[in-house]
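Examining the three-dimensional arrangement
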Amino acid sequence: MVTKNYKNITLSRLGMGVMRLPQTDDGNGGHKIDYPESHKIIDKAYEQGINYFDTAYVYNGGDSERCLGACMVKHPRESFYLATKFNLGANPDYKDTFATQLERLQTSYIDFYLMHCIVDNNRIPYAESGAIEYFDNMKKEGKIKYLGFSHHGSIDNLRKSLELYDWDFVQLQFNFYDYLYGQAKEEYEIVKAKNIPIMVMEPVRGGRLSALTPETEALLKAAHPDWSVSSWALRFVASFDGIQVALSGMSTMGQLEDNLKTFSSEPALSDEDMNLLKEVCAKFKNQIQVPCTGCNYCENCPVEINIPAYLTLYNNYKVNGWGALGRADKIESKGKPSDCIGCGACTGHCPQNIDTPSIMKDLTNLLKK
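Below or above, wherever it landed, is the structure these notes cover.

Parameters at a glance
Residue positions within a chain follow its written sequence, with the count starting from 1. Where totals are concerned, whole chains, interfaces and linings use all residues; where local detail is concerned, this predicted model gives features only for residues with pLDDT of at least 70, and gives and counts side-chain atom pairs only at 80 or more. Excluding hydrogens and water, the side-chain figures rest on all heavy atoms present in the structure. For this analysis, a salt bridge means a side-chain nitrogen from Lys or Arg found within 4 Å of a carboxyl oxygen belonging to Asp or Glu. Strands here are runs of E lasting at least two residues and helices are runs of H or I lasting at least four, both read from the DSSP assignment and numbered beginning at the N terminus. Each residue is placed in one exposure class: buried if its accessible area under a 1.4 Å probe, protein chains only, is under 20% of its type's maximum, exposed if it is over 50%, and partly exposed if it falls in between. In short, DSSP must find at least two bridges between two strands for them to pair. Between N-to-C directions, angles cover 0 to 180 degrees, with each direction set by a line fitted to C-alpha atoms, over the stretch in contact for helices. Each Phe, Tyr or Trp ring (for Trp, its six-membered ring) is paired with any other whose centre lies within 6.5 Å, and the angle between the two planes then decides the class: stacked below 30 degrees, edge-to-face above 60, tilted in between. When the NZ atom of lysine or the CZ atom of arginine is within 6 Å of a ring's centre and also within 35 degrees of its normal, the charge is said to sit over that ring.

Here we look at the pattern of salt bridges
- With the rule as written, the count across this model stands at 20 salt bridges.
- Across the salt bridge formed by Lys334 and Glu304, the nearest N and O atoms sit 3.5 Å from each other. Residue Lys334 is found in the loop between helix 13 (307-320) and helix 14 (356-368), and its partner Glu304 is found in the loop between helix 12 (271-285) and helix 13; the two are separated by 30 residues along the sequence.
- Classification of Glu304 as partly exposed rests on a relative accessible area of 44%.

Concerning unusual backbone geometry
- In the Ramachandran plot, Lys7 falls in the positive-phi region, its phi being about 50° despite a non-glycine side chain.
- Tracing the sequence through the fold places Lys7 in the loop between strand 1 (3-6) and strand 2 (9-12).

Notes on the sheet that holds strand 11 (residues 198-201)
- One closed barrel holds the eight strands; their spatial order is 3-6-7-8-9-10-11-12, and the pairing between them is parallel. Mean inter-strand twist for the sheet, computed between neighbouring axes without regard to direction, equals 30°.

Looking at the packing of aromatic side chains
- The final tally for this structure, using the stated rule, is 31 aromatic pairs.
- Taking 5.4 Å as the distance between ring centres and 85° as the angle between the ring planes, the aromatic pair formed by Phe98 and Tyr113 counts as edge-to-face. In this pair, Phe98 is assigned in helix 3 (residues 94-105) and Tyr113 in strand 8 (residues 110-118), connecting sequence segments 15 residues apart. In terms of burial, Phe98 and Tyr113 fall into one category: buried.
- Their ring planes at 75° and their centres at 5.3 Å tell us that Tyr188 and Phe240 sit as a pair that is edge-to-face. Residue Tyr188 is found in helix 8 (residues 184-193), and its partner Phe240 is found in the loop between helix 10 (229-238) and strand 12 (243-248); the two are separated by 52 residues along the sequence.
- Ring pairs connect the aromatic residues Phe86, Tyr94, Phe98, Tyr113, Tyr126, Tyr134 and Phe135, which therefore count as one cluster.
- Above the ring of Trp227, the side-chain terminus of Arg235 is found at 3.8 Å from the ring centroid.
- Sitting over the face of the ring of Tyr181, Lys285 holds its NZ or CZ atom 5.1 Å from the ring centroid.

Some thoughts on the pairing of strand 3 (residues 14-17)
- Of the two faces of strand 3, the one lined by Leu14 and Met16 and the one lined by Gly15 and Gly17 are each fully buried.
- Here three bridges tie strand 3 to strand 12, and the two strands are oriented parallel to one another. Looking at the pairing, Met16 lines up with Ser248 of strand 12.
- Here strand 3 runs beside strand 6 (residues 52-54); their pairing, made up of two bridges, is parallel. When the sheet's bridge partners are listed, Gly17 is paired in strand 6 with Asp54.

Structural data, given as structure tokens:
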């Protein structure tokens, strides 16, 4: 496992995101984390040198933290680093949140603690809540080692968020698609200019950059037959010196093994490989339409539409044609696209600013044909 120094410690370049763990039927029509299967993946990640594990108060209704805590408690506490997050919108009582997280994670301190998902309309509430001051005190008491935030939103919001505190690190969405066609390049340069280490979320865009199109994948395979498509995305991230850790939400042993292979030696892309990836991304851009990462921040839909699943269906239709729409009847969702009332509750919470109501309308028409 390739590592990189961070202040006075050493972190694995690959970190494990604990938001997409294996799930099982909960017996009531829903799903819950499959602890035994999840622990197998987490344990192997730890055994193979991954020492950075990222979760959050809101992931899986808190079960992500509980599952991770139950697994890691059997390992020496100083041998790994826990990252979790305070979400102002989920529970504004930051003292209660932090106490709950320590209990769930079965630890007396958090290594990397984040203000979760600072966007344009919550930056001031975060700043005025007293949370940053409280967590700064927790840092002084040794209950938090490093304090940072995860950013979504505008460039202006990022600049202003950076001024709220003397942050130890920042978590950004960073991948080759957003770097070339979004604002990730500018975000990276802004944070790097302040010499703040960057933790990367969504390096494969919620899995979207793990499966491209037959044409673009063939170009990558021709260059490096032994590299997976996901490996290209992770290698792109690892090519930037301002990046400290690339987080991957691994939900299967196969995904873990592939990522471990990528980070078994220096993963950075050569100039030739970088140019090829840019060419591939340009071709892919013409086919991908909806930048959904499956974060589920839109799960508050009043008519209970499984929005991420339908956005995935829409993307598959755009890439693979009419045949992809045949999977619509396999989507588990109480609400259907035709039930969308256009209220905008989903767009108000979407980090990608997706115009979901318009897409639901388009899907409604497509599924009638």
